[in-house]
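Architecture and fold: a report
Given next are the chains, with one letter for each unit.
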Amino acid sequence: WTELDPMPEIGSTNKKKRVKAGGDLASYGDGAFYALKGGKTKEFWRYFEPVVMGAAPERSGVMAERVSAERFWFSVAPNPVVKGYGVLSYSVPQAGEVRLKVFDVTGRAVKELGFVASGTGTRNLDLRDLAAGVYLVKFASGDNSATQKLIVR
C-alpha cells in the first residue's frame, strides 16, 4: 500500500509526541486505511492502496486465458517536502524509460528526470533547488501518465 500522508513526529500541538493511547487503524474495504494518531491529538490520516482491475477472462473453450492487471502508479513522499529531499515510489507495467517532470503554478517545467525502470521501485529525489510552493509532478511511462500535487516548504 502507498502512504499518502506521512505520520509526523511533530503534530498539531507543535510538540514531538509518542503515541501513548488512542491510536487506531481501520479499513473500509475500499483499499483505504485510516489512522487516528492518538496521544491526545485529533490527527486523522489516510493511506490508500491503488486498485487496478483487469478485464474478466474469456471463458469460451476448455481453458481460460490469463489476464494481467497492469499496475501503473507513483507517489512522492513526504508530501509536503520539508528539507528538500523526497522519495519517488513507482510501479510500471513494462520495463522502459520513464520521465518525471515538475511544473510550477504557471505551467513551466522546473525540473526533469529520466531513467529506466521496470516493475516496482523507489528513487531518491533532490528537490533542494525548488522554492517553497505548490507544484504538479507528472510521471510518464510509455502510454501511461499520471499527475499529482506536490507541496514544498
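So, a few notes on the structure that sits alongside this text. (Residues numbered from 1 in each chain as written. Predicted model: local features only at pLDDT ≥ 70, side-chain atom pairs only at ≥ 80, totals over all residues. Heavy atoms only, no water.)

Details of the pattern of salt bridges
Counting across every chain of the model gives five salt bridges. The network of salt bridges with shared partners includes Glu97, Arg99 and Glu112. (Salt bridge = Lys/Arg side-chain N within 4 Å of Asp/Glu carboxyl O.)

Regarding unusual backbone geometry
In this chain, alanine 77 is followed by proline 78 through a cis amide linkage whose omega measures -5 degrees. Looking at where proline 78 falls in the secondary structure, it is placed in the loop between strand 5 (73–77) and strand 6 (85–103). Here the amide bond leading from asparagine 79 into proline 80 is cis, since omega sits at 20 degrees, within 30 degrees of zero. Tracing the backbone shows proline 80 in the loop between strand 5 and strand 6. (Helix = DSSP H or I, 4+ residues; strand = E, 2+ residues; numbered from the N terminus.)

A look at the nonpolar core
Counting 20 residues, the largest nonpolar core has Leu88 and Phe139 as its most contacted members. Those elements that place two or more of their residues in this core are strand 5, strand 6, strand 7 (109–126), strand 8 (133–141) and strand 9 (144–152). Contact partners of leucine 88, with chain neighbours within four places excluded, come to Phe74, Ser75, Val76, Leu100, Phe115, Gly121, Thr122, Arg123, Leu125 and Phe139. (Core = buried A, V, L, I, M, F, W, Y, C linked by side-chain atoms within 4.5 Å. Buried < 20%, exposed > 50% of the residue type's maximum accessible area, 1.4 Å probe, protein only. Contact = heavy atoms within 4.5 Å.)

Re the packing of aromatic side chains
Under the counting rule described, the total for this entry stands at four aromatic pairs. Centroid distance phenylalanine 72 to phenylalanine 139: 5.7 Å. Interplanar angle 25 degrees. Geometry classified as stacked. Placement of the pair is phenylalanine 72 in the loop between strand 4 (44–48) and strand 5 and phenylalanine 139 in strand 8, with a sequence separation of 67 residues. A residue is classified by how much of its surface remains accessible, and phenylalanine 72, at 17% relative accessible area, is buried. Owing to a relative accessible area of 0%, phenylalanine 139 belongs among the buried residues under this scheme. Ring centres of tyrosine 90 and phenylalanine 115 lie 5.7 Å apart, and the angle between their planes is 55 degrees; this geometry places the pair in the tilted category. On the criterion of sequence distance, the pair formed by tyrosine 90 in strand 6 and phenylalanine 115 in strand 7 is long-range, its members being 25 residues apart. For the pair formed by tyrosine 90 and phenylalanine 115, the shared burial category is buried. In this structure, arginine 123 is placed above the aromatic ring of phenylalanine 115, and the distance from its NZ or CZ to the ring centre is 4.4 Å. (Phe/Tyr/Trp six-rings, centres within 6.5 Å; stacked < 30°, edge-to-face > 60°. Lys NZ or Arg CZ within 6 Å of the ring centre and 35° of its normal.)

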